[in-house]
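Below, each chain spelled out in residue letters.
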Amino acid sequence: MMDGASGKATPGLRLPAVHTLLAAEACQPLVAEFGREQTVNVLREVLARLRESLVNGGAPDTSQAAVLAALAERLRDANRSHMRRLFNLTGTVLHTNLGRALLPDVAVQAVADALRWPMNLEWDLETGKRGDRDTLVEEHLLKLTGAEAVTIVNNNAAAVLLMLNTVAMGREVIVSRGELVEIGGAFRIPDVMTRAGATLVEVGATNRTHEKDYDAAAGEKTALMMKVHCSNYAITGFTKEVTLEELVPLARKHGIPVAVDLGSGTLVDLEQYGLPHEPTVRETIAAGADLVTFSGDKLLGGPQCGIIAGRKDLIAAIKKNPLKRALRVGKLTLAALEPVLALYHAPDLLADRLTTLRLLTRPAASMRRLAERLLPAVQGALGDTYTVTAEPMQSQIGSGALPVDNLPSYGLAIRSAPATRGNPLGVLERRLRDLPVPVIGRIKDDALWLDLRCLEEAHAAEFEAQLTDLGRA
Ligand SMILES: *Cc1c(COP(=O)(O)O)cnc(C)c1O
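As the structure is a prediction and not an experimental result, all values here were calculated from the model. (Residues numbered from 1 in each chain as written. Predicted model: local features only at pLDDT ≥ 70, side-chain atom pairs only at ≥ 80, totals over all residues. Heavy atoms only, no water.)

### So, the domain arrangement of the protein chain
Per the domain assignment, the segments making up the protein chain are domain 1 (18-79), domain 2 (87-96 + 359-471) and domain 3 (105-350). Between the C-alpha centres of domain 1 and domain 2 the distance comes to 40 Å. (Domains from an automatic or database assignment.)

### Let's talk about the UniProt feature "modified residue: N6-(pyridoxal phosphate)lysine" (unreviewed entry) in the protein chain
UniProt feature "modified residue: N6-(pyridoxal phosphate)lysine" (unreviewed entry): in the numbering of this structure it lies at Lys 298. Along the chain, Lys 298 turns up in the loop between strand S12 (291-295) and strand S13 (306-310). Excluding residues that lie within four positions of it along the chain, Lys 298 makes contacts with Leu 94, Arg 100, Ala 101, Gly 263, Ser 264, Thr 356 and Ser 399. (UniProt positions renumbered as here; feature names shortened; annotations may be inferred. Helix = DSSP H or I, 4+ residues; strand = E, 2+ residues; numbered from the N terminus. Contact = heavy atoms within 4.5 Å.)

### Re the sheet that holds strand S10 (residues 222-228)
Strand order in the open sheet formed by seven strands is S5-S13-S12-S11-S10-S6-S9, and the pairing between neighbours is mixed. In the strand order of this sheet, the two ends are held by strand S5 (149-153) and strand S9 (199-203), each with one partner. Between one strand and the next, the sheet's axes are offset by a mean angle of 25 degrees, whatever the strand orientation. Of the strand pairs in this sheet, S12 and S13 are connected by five bridges, and their pairing is antiparallel. Within S13, the position partnered with Val 292 by the bridge is Ala 309. Where helix H13 (residues 312-320) meets the sheet, its contacts fall on S5, S12 and S13, and the angle it forms with S5 comes to roughly 30 degrees. (Pairing = 2+ DSSP bridges. Axes fitted to C-alpha atoms, helices over the stretch in contact; angles between N-to-C directions.)

### Description of a negative patch on the surface
A surface patch of negative charge is lined by Glu 245, Asp 269, Glu 271 and Glu 283. Within the fold, Glu 271 resides in the loop between strand S11 (258-263) and helix H12 (281-286). On the accessibility criterion, Glu 271 (47% relative accessible area) is partly exposed. (Patch = residues over 30% accessible without salt bridge, like charges linked within 9 Å, V, L, I, M, F, W, Y side chains within 5 Å. Areas by Shrake-Rupley, 256 points an atom, 1.4 Å probe, with all protein chains shown as cover. Salt bridge = Lys/Arg side-chain N within 4 Å of Asp/Glu carboxyl O. Lys, Arg positive; Asp, Glu negative; His and termini not counted. Charge placed at Lys NZ, Arg CZ, Asp CG, Glu CD. Buried < 20%, exposed > 50% of the residue type's maximum accessible area, 1.4 Å probe, protein only.)

### Comments concerning the nonpolar core
One recurring pattern in soluble globular proteins: nonpolar side chains tend to sit buried together. One finds Ile 152, Met 225, Phe 294, Leu 300 and Tyr 344 to be the most contacted residues of the largest nonpolar core, which totals 60 residues. Considering each element in turn, this core owes the most residues, six residues, to helix H15 (residues 331-343). When residues of this core are assigned to domains, at least three fall in each of domain 2 (87-96 + 359-471) and domain 3 (105-350). Contact partners of Ile 152, with chain neighbours within four places excluded, come to Asp 134, Val 137, Leu 141, Cys 305, Gly 306, Ile 307, Lys 324, Arg 328, Val 329, Leu 334 and Leu 337. (Core = buried A, V, L, I, M, F, W, Y, C linked by side-chain atoms within 4.5 Å.)

### Let's talk about helix H5 (residues 64-79)
Taking 1.5 Å of rise per residue, 16 residues should cover 22 Å, and H5 covers 23 Å from first to last C-alpha, within 8% of that figure. Every buried residue of H5 is listed here: Ala 66, Val 67, Leu 68, Leu 71, Ala 72 and Leu 75. Structurally, H5 contributes buried residues whose contacts are with helix H2 (18-23), helix H3 (28-34) and helix H4 (36-55). (Expected span 1.5 Å × (residues − 1).)

### Points about the packing of helix H18 (residues 364-382) against helix H20 (residues 457-465)
The relative placement of two packed helices is expressed as an angle between their axes plus a distance between the axes. Their axes nearest at 11 Å, the elements H18 and H20 cross at an angle of 10 degrees. Taken together, the axes of H18 and H20 lie roughly parallel to each other. Along its contact with H18, which presents Leu 370, Arg 373, Leu 374, Ala 377 and Val 378, the element H20 presents Glu 457, Ala 460, Phe 463 and Glu 464. Here the contact of H18 with H20 is built from residues that sort into six nonpolar, no polar and three charged. (Parallel < 35°, antiparallel > 145°, perpendicular 65-115°, else oblique. Nonpolar A, V, L, I, M, F, W, Y, C, P; charged D, E, K, R; others polar.)

The following block contains the structure:
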């Protein structure tokens, strides 16, 4: 610091002036891209930082080129999207934190159109009069579920809330203790019940509930008997659950409707695709449920939404509830949902066309081939601090669906050389997150696992191409 005290007194003198910088040729593309006002504001921030550094005795590069380079970087940073695309190699296909279901191109195109054009969202093109947005998907859903009526809301949590508030406000709802689940942290059946204005009547014990428990709890104040599909855990051992088939006649005897929160819920029998059985909406309606709630973006493979299917009179009451207006879906959701539902009319082609089902049914041999092909490139990028092997692993469906069933998969297991100090797997996890398209794996049993189920062939080259960045990181 040659200029010591004098540099402290007039540090600004060493900085180029704002108007000079703005007039520079290299600044013009920034003004064109980010606008004059934003460019000036960010430029002032950049200069303020440099001034502060000079005052504190630092020696930053204050040349015009350096200032403009810093300006460009800060402008790009400030305008970069916070929602980023990534590679989900966690092995969990429907990962709630990574956005759950991926939608097929037909849905992507429909959403793009709905963004760009006016739509008959609530406009009946037959009559030229005001319509109801639910009717856009009603026909598909009635056919696929066997229900009399349906309505769509923001997500399944909203579906449960709206259903309870409509059918049971100020009254009682009977639920088995074994089914008082918490889903994804903030959604607990007892809390939703309270917010809906209904009183929860718990029956049975955590592991065992009998028909006589429901029978004894039913009375004047009972509005509903409700079953919640235990989608994210399993109770095993000495257990007894009252099945829907057993509950329905009992509820009928008392004149009380039965609701089932299916959670994931599927519209097709997954066994035909070699997957474990998960109760379908059709089966649940056929077994006598008066109302069924389920998510649009779990096994259904569509956009985030909650679907309530069931008895016409009950759905009509739900649609009249003022809360429906607060919980309804927007046009983008309906635009995406309709073509996804349409795919279900061709079940023989579904495993190919519906992204979620295609990923869930992808044979382990396909991931194995990919793992073996990618292995040398990944090993090469990581160097000899890490050992990469292609290994069998277990994928999960995720989003609480089929919690105890795993899907045989294949991928890369990365271990650090035995003598490596520090937290090499944590460091690697970070490096993978820092890639242009972040890669998310999972650390377990002293290895970083990259399950290749959700890396389809079409994107493998892109994954491979950014491995050079990994080597440099
Ligand atoms: C996932 C789930 C919910 C919540 O559904 P969202 O669509 O995430 O709001 C509610 N109930 C059950 C049983 C679930 O599995």
